Every structure is written in C-alpha cells, then in structure tokens.
Amino acid sequence: MIDASKYNPEAYGINMRDAKEVTGKNEIRTFCPHCHANRKTEHRKERELWVSLDTGNCKCHNCGAEWRMDTVEYTERMAEMECRASGTQRAAGDVRKASQGHKTAGQTARFALPPTPDSFNPPTDARLVSYITEVRRLPMDVIRGMKVTQASVMMPQVKAERLCIVFNYLHNGVLVNRKYRDSEKHFMMDKGAELIPYNIDSALGSDHVIVTEGEFDTLSLVAAGFSSVVSMPSGANSNTSWLDRFYDDYFADKKRVYIATDMDAPGMKAAEELIRRFGPEVCYRVTFSDGCKDANDELVKHGVEGLRKSVEEAQPVPLKDIKTMDDFGDMLDLLYQEGPKPGACTGWENLDRVVKFQTGQLALVTGRTNDGKSEWVDELVLRLALSQNWKIAYWTPENTLLDHNRKLIEKLTGRTFVRRGTSQGVQPGQYHLCKQWIGENVTWIDLPFDKLNLDTILERSRSLVRKFGIRLLVLDPFNFIEKENNSQRSENAWDSHVVGAIRSFAIENDVMVVLVAHPRKVEMQIDGRRRRITIEDISGTADFGNKADYCFCVDRDDGHKVVTISVDKVRNKLLGSRGQAFFVYQKASGRYVPCDIDDKRNPVNTDFAKYGGMWIDVPELF
C-alpha cells in the first residue's frame, strides 16, 4: 500500500492512480506530468518518473525534470506566514487548500512554490521603503515593475522570523525562486528551488544583455533605463552552471554582453569566468568610478547619468593577440597577493606526489596498442571531474557511445556492468545515479566520418565551453583527425600545426585538453624484452613532446600484472616534475589501483579496499 500522506503528490501533477512501488524502497514509479503526454506510442507504458516518499525528491529519467515536494505541514506553515505578512486572514482549510494547489504540470518551476500571484504588492513597511528609496536610491516604480515584495520569514542564520525584502525570480512569468534579504544582510532562497538568473525574461529577444552580481545592481541599471539586465543567482561565483539551461535561447544570439560584476577580487574572478563562457569577442567590461564597487554604488554616488555613462563607456575585452600591462595588471596583482592556484589532485596518492593538474594545459598521453591509454585517460578525467567539479567533453571516434558509457559507469561504481542483479554487478540504484551524473557532467562530440577535421572539432568544443562550461576535453586518438585537403604542409609540419592549435585552444578557453597519440612501432631491446615507451616514440613530429605541457606514457606489463605511468614532462615546475607511478589494473571495473613494486617488478602494497566503492557516494576519496 503506497502511503503518500506526508506529501500531496496530486498537487504536483503526479499520477498516483497508476503508480507502482519500487520493491524494498519507499519509492514509486509513475508517469511524468511534464513529458509523458508527448512521448511516442511505444513508450506510453513506461513510468519514467521516480519519486522518493522519504525525501520528496522527484526525477524524470526521460526529460530530466526534477523537483522536490514539500510536506503538507511545511506548505501549510509557509502559506500561513505569507498570509500574516500580507496582513490577510484565512481559515485553516483555506491555508491547506492554498498550500496544496501550488504545483501544476505546466509550470517550469522545479519545486513547490505558491501559485504566481496576479499582482506582486511592493513593500509597505516604512523601514524597508526608506532603505530602498533613500539608502539604495531606487524609485518605487522600479521596485513595483520588478515585482519586489516583502515577507516575514524564518531566517536560519539568526533562527528568528524577520521582515525581509523579497526578490522574486520569474521565468516565462512563472515564479521559480525567491531570495529573502533582511536588514542585517542575511540572505536565504527557497529550499530546493532552481537557481536561475534574476530577471532572465528581460534577456529574451534582445541583441545585448548586462550581467550583474546582485539584484540591487540589476534594479539600479533598470532605474538607469536599461531593459535587458540579469543577475547571477548566487553572487560572485566561478560556478556558472546556471547558464547551461538558458544559453541557447537567451544568450547565444547576443552581439554584446556587458559584464558588470563588482570591482573586487571575487567580482574579477566571476567576470573572467563569464567572459570564458560567453566568449571574449562579444564581451564588454563595465568599470565603475573610483570608490564605487558596483552598479548600485555608482547610482547612489553619481546618479542615473553616472551609471549610464559607466555602461556606455564599457570597453571591449582586450584582443587576444595584443596585450599590455593594462590588460592583465589587475590579475597579476591578484596572483602576487594570493599566490598561484594549487594544481588539482586525482586521489591517486602515488601520482599526486609526482604531478598536479591545471586547466589551460595540453596533456599528451601515449603508449603501445592495447596498453590501456584510453582506459587510464577515462579514469584520470573522471577523478578530476569529481574532485574539481569540472565538466568533460569527449571526441572519441574509436568508441561507440553505448560502450563508452558502460565503461564510465563501471569506473564510477567499481562494479561490472554486465552482471546486473548479482552482488558483483552494477545495482539499479547505482546505475540511475551514475546515469544522472554522466548526463549532467559529460558530453560527446559525435561527428560524421567526413567531418573529422580539426576546425570542426575545435568549433564544437568551443560551443561546449560556451553552453556547458566544460573544463576537460579528451581528444582520443590524434590519428583520426583528418588532414586538410590540398595542404601544402609536410606530414610533420601538419602534425605540429595541429598540436599547436589544440594547445592554443586549451589556453584561450581555460580548458585542460587530453590528447591521446599512438607511438610508432618500437623495437625490442637486445635481450628481447620490450622497452618502455617515451615521448620521443610518438609517431610523427617531435613537437608532440615539445608543445605539450604534460607528457604521460602508459606501459602495461601483463607478465607482472603492473601498469607503469611515466610522467616524462611537466612544463610548469609548480605543478610537478618527471617521475613514475605504478598501478594494478582491475579488468572487471576498469579501475587503476596504486601500488609499489618489488625488486622483481611485482606489485606490492596494493590497498584495493581504499580505492573501491561507489565514487559518487564517497566524494571524500577525492
């Protein structure tokens, strides 16, 4: 018997009549209110929506929609507080009805919110009005037009109810999120709500947009007469994943993007990441007057005309080919004050002692055929993605998408994919968790055979930087990149050009590129044993090793069951030096477990338990 009394699923458009319980778990599977009606006839019997009756979390494995149901008690309390804040009285039954009716299948909000009001009443409290109009210098007609309201809410920082300014986040006119700000600068957003840009609807259809760091800055620019202004949802933050869903429809068509983040160090870092995502060719940096940190400071101290002048005098982001100290002096100051960024670790302790990783670099990986170059690269980038929250893009024409995903899931779980239903196999819950993680963090460039040229590969990769914010790009293997038609370059000159172009791409887009290159045929040693591969053995030009920032050579010794990773080059001395790391390869899961070797090159000191388990469940391993 399904017991959903803790929530009110019907209020969220969830079909309980046809729901089925998940054996052994307090979960149900049913039809998604967002996409099921539009599915093909052959898929109409599939129950794509998974609902946890413990947490209220809902996830559709077809359209990707996700939201969280709130308990009936919580929604009743929130509705009652809103009534109290607005000065109205409702009967208990009316409160229950209001709290249960705020989610419909047609809304784009991904969690439970009260229905979008017909009108948003501006703040009426004298202290809030005084603060808005006298301290922030914002006219009330702007506040009214931007649907800023007030509410009394429980602020977790002080564990007390406070009267707050409420910034309402709308998308397509529908209330999606709210940010509450009290008089002591405590902030809170609605729990479980989707992070979207503030005032996102204003960007649709305009050929330009201004991006700010906060809501008051957005309101200030609107007061100055600018109509297309959005704010980052969580302030100065290098995490721009909020852009992913909106890039195509709201930002891809922009001829100008004005970056109006704060003039402090966090604001500069946020601006740098926004410029990377939008592309420097369309970005203009807004700077404010001396003593003004942001747009609202400019409005308060220099009025509407001063703020308009700041935007109108915004300078295009410097050209990539010409640089002066004016272009990078501020970032040099930041480097001097804070020191260089520490390199990223993989969680392989033996490799981390030799080398650290950084974006804006080209990592070259080579090794004999079937020695596991691609397998090792997959684990390397998965580890970096999990430890640094870097998104991955693959161009890997040797792999089919299904087979590659199978291998990634095996690495993420440490289990065999094909033994479903056994204790050694990937379990259903693990499978769905991994599928969700891969869906959110990994993309593939899947080109037809006649378009495997360098320009197309880098063009697609650049679009993934803009749209998804990738930080890791795997090109595997080099020899699948098609040579230019009618190229007058020699073979070696062409290879050198390609490696140089890939490294330039890595630097310009602040992406770590992993390039897999095959070696030429390597002769045996006099005693008949295979000698190890070096960077000089790569087929083609010596510029593979010369132009790369890292060079890794993979050598698998099946006789001794040990894999040697030789680090033959690290350009930046702050990130490491030459050295070696030894591993035992686990064929069932495709994982590499660190080890030492004895005098006979046999693996010793291998801690399989330490490097086992489900990675997504145990992030502290990284």
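Structural data are supplied above this passage.
Residues numbered from 1 in each chain as written. Predicted model: local features only at pLDDT ≥ 70, side-chain atom pairs only at ≥ 80, totals over all residues. Heavy atoms only, no water.

### Thoughts on the sheet that holds strand S7 (residues 160-171)
Here is step 1: An order of S6-S7-S8-S9 is seen for the four strands of this open sheet, with the pairing classed as antiparallel. Looking at the sheet topology across the chains shown, the edges are occupied by strand S6 (149-155) and strand S9 (187-189). Here the strands of the sheet are splayed against their neighbours by 35 degrees on average, with no regard to which way each runs.
Here is step 2: Where S7 and strand S8 (residues 174-181) come together, seven bridges link them in antiparallel fashion. What sits directly across from Tyr 169, in S8, is Asn 177.
Here is step 3: In the packing of helix H5 (residues 215-223) onto the sheet, contacts are made with S7 and S8, and the angle to S7 comes to roughly 55 degrees. (Pairing = 2+ DSSP bridges. Helix = DSSP H or I, 4+ residues; strand = E, 2+ residues; numbered from the N terminus. Axes fitted to C-alpha atoms, helices over the stretch in contact; angles between N-to-C directions. Contact = heavy atoms within 4.5 Å.)

### So, the packing of aromatic side chains
Here is step 1: One pass over the full model with this rule turns up 18 aromatic pairs.
Here is step 2: For the ring pair Trp 348 and Phe 583, a centre distance of 5.0 Å and an interplane angle of 65 degrees mean the geometry is edge-to-face. In this pair, Trp 348 is assigned in the loop between helix H9 (325-338) and helix H10 (349-352) and Phe 583 in strand S22 (residues 579-586), connecting sequence segments 235 residues apart.
Here is step 3: An aromatic cluster of three or more residues is present, and its members are Trp 348, Phe 357, Trp 376, Tyr 550, Phe 552, Phe 583, Tyr 585 and Tyr 592.
Here is step 4: When the ring centre of Phe 216 is taken as origin, the NZ or CZ atom of Arg 136, which lies over that ring, is 4.1 Å away.
Here is step 5: Between Arg 308 and the ring centre of Phe 226, over which it is positioned, the NZ or CZ distance is 4.7 Å. (Phe/Tyr/Trp six-rings, centres within 6.5 Å; stacked < 30°, edge-to-face > 60°. Lys NZ or Arg CZ within 6 Å of the ring centre and 35° of its normal.)

### Considerations on a nonpolar patch on the surface
Here is step 1: Together, Met 325, Phe 328, Met 331, Leu 332 and Leu 335 make up a nonpolar patch on the protein surface, roughly 430 Å² of accessible area in all.
Here is step 2: Looking at the element boundaries, Leu 335 is found in helix H9.
Here is step 3: Here Leu 335 falls in the partly exposed class, since its relative accessible area comes to 42%. (Patch = residues over 30% accessible without salt bridge, like charges linked within 9 Å, V, L, I, M, F, W, Y side chains within 5 Å. Areas by Shrake-Rupley, 256 points an atom, 1.4 Å probe, with all protein chains shown as cover. Salt bridge = Lys/Arg side-chain N within 4 Å of Asp/Glu carboxyl O. Buried < 20%, exposed > 50% of the residue type's maximum accessible area, 1.4 Å probe, protein only.)

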